[in-house]
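# Observations on the model geometry
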Amino acid sequence: MNFLEEKIIQNGVIREGNILKVDNFLNHQIDIEIMRQMAYEFQRRFKGETITKILTIEASGIAMATLLGLIYNVPVVFAKKSETMNSTDTKYVSQAYSFTHKRMNKVLVSKPYLNAEDKILIVDDFLADGEAAHALIDLVHQAGAQVVGIGIAIEKGQQQGGSKLRAEGYHLESIAIIESMDWKTQTIQFRNQEKQEVGNAKLKASWV
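Here we summarise the structure given alongside this text.

Calculation notes
Residues numbered from 1 in each chain as written. Predicted model: local features only at pLDDT ≥ 70, side-chain atom pairs only at ≥ 80, totals over all residues. Heavy atoms only, no water. Helix = DSSP H or I, 4+ residues; strand = E, 2+ residues; numbered from the N terminus. Polar contact = N/O pair within 3.5 Å; in protein donor to acceptor, adjacent residues only side chain to side chain. Contact = heavy atoms within 4.5 Å. Salt bridge = Lys/Arg side-chain N within 4 Å of Asp/Glu carboxyl O. Buried < 20%, exposed > 50% of the residue type's maximum accessible area, 1.4 Å probe, protein only. Axes fitted to C-alpha atoms, helices over the stretch in contact; angles between N-to-C directions. Parallel < 35°, antiparallel > 145°, perpendicular 65-115°, else oblique. Left-handed = near helix turned anticlockwise from the far one by under 90°. Nonpolar A, V, L, I, M, F, W, Y, C, P; charged D, E, K, R; others polar.

### A closer look at the side chain of Arg45
Mapped onto the fold, Arg45 is located in helix α2 (residues 32-45). Looking at Arg45, its side chain comes within polar contact range of the main-chain oxygen of Ser174, at 3.0 Å. Engagement of the side chain of Arg45 in a polar contact is seen with the side chain of Gln193, the distance being 3.4 Å. Excluding its chain neighbours within four sequence positions, the residues that come into contact with Arg45 are Asn2, His171, Glu173, Ser174, Ile175 and Gln193.

Given below as structure tokens:
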């Protein structure tokens, strides 16, 4: 069991409807030590890749992307979900359905921030059906740039996003891959990424 899986066991809460609540350390309150460990783990897993920019989507991926950008000493770009009044650049635009919020989101990146010469590492906190990842890939392709890898904190392995991206040939690395969850028993099964087996653990966090 790796450090992120252990953190999920200690602090995660499963909600009815296949929802894993980890906002006390990942996507609301930020545990900087976990972010640091994830950044170095992605650096290890993408060793040998030339990376010129990190790309994520607002807002949950920004903290992780920023620490990774610090390690690689490259710019971090985050796709926005809405335009602001002071944004006058032309933009690359795509769309992604949000599993969490149950709605379609427009995602945008100003054209000056993605270039054909860029080699992009995409990162995000969750991967479910792959909608956000595919929207970011679309933005990269619109710019004529190259996706060299996709780094995900938590992948929901029971959904199809990960298998689709791997079948499409992308170098996808997920630090924790969940095979199944049960909100009634608060149990979670992780994929053993070394042996491709399944490990079982019980969440220690209290829940309501």
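### Observations concerning the pattern of salt bridges
In the structure shown here, the tally under the stated rule is 9 salt bridges. A salt bridge links Asp31 to Lys7; the nearest nitrogen and oxygen atoms lie 3.0 Å apart. Residue Asp31 is found in the loop between β2 (19-21) and α2, and its partner Lys7 is found in helix α1 (residues 3-11); the two are separated by 24 residues along the sequence. The exposure class assigned to Lys7 is buried, which follows from its relative accessible area of 16%. The partner of Arg166 in a salt bridge is Glu155, and the shortest N-O contact between them spans 2.9 Å. On the criterion of sequence distance, the pair formed by Arg166 in helix α5 (residues 161-167) and Glu155 in strand β8 (residues 146-156) is long-range, its members being 11 residues apart. Given a relative accessible area of 33%, Arg166 falls into the partly exposed group.

### A closer look at the packing of α2 against helix α3 (residues 62-72)
Relative to each other, α2 and α3 sit at 55°, their axes nearing to 9 Å. Here α2 is positioned oblique relative to α3, judged by the angle of their axes. Where α2 crosses over α3, the handedness of that crossing is right-handed. Across the interface between the two elements, Ile32, Met35, Arg36, Met38, Ala39, Tyr40, Phe42 and Gln43 from α2 touch Ala63, Met64, Leu67, Leu68, Ile71 and Tyr72 from α3. Considering only residue class, the contact of α2 with α3 consists of 12 nonpolar, 1 polar and 1 charged.

By themselves, these observations are geometric and do not establish any function.
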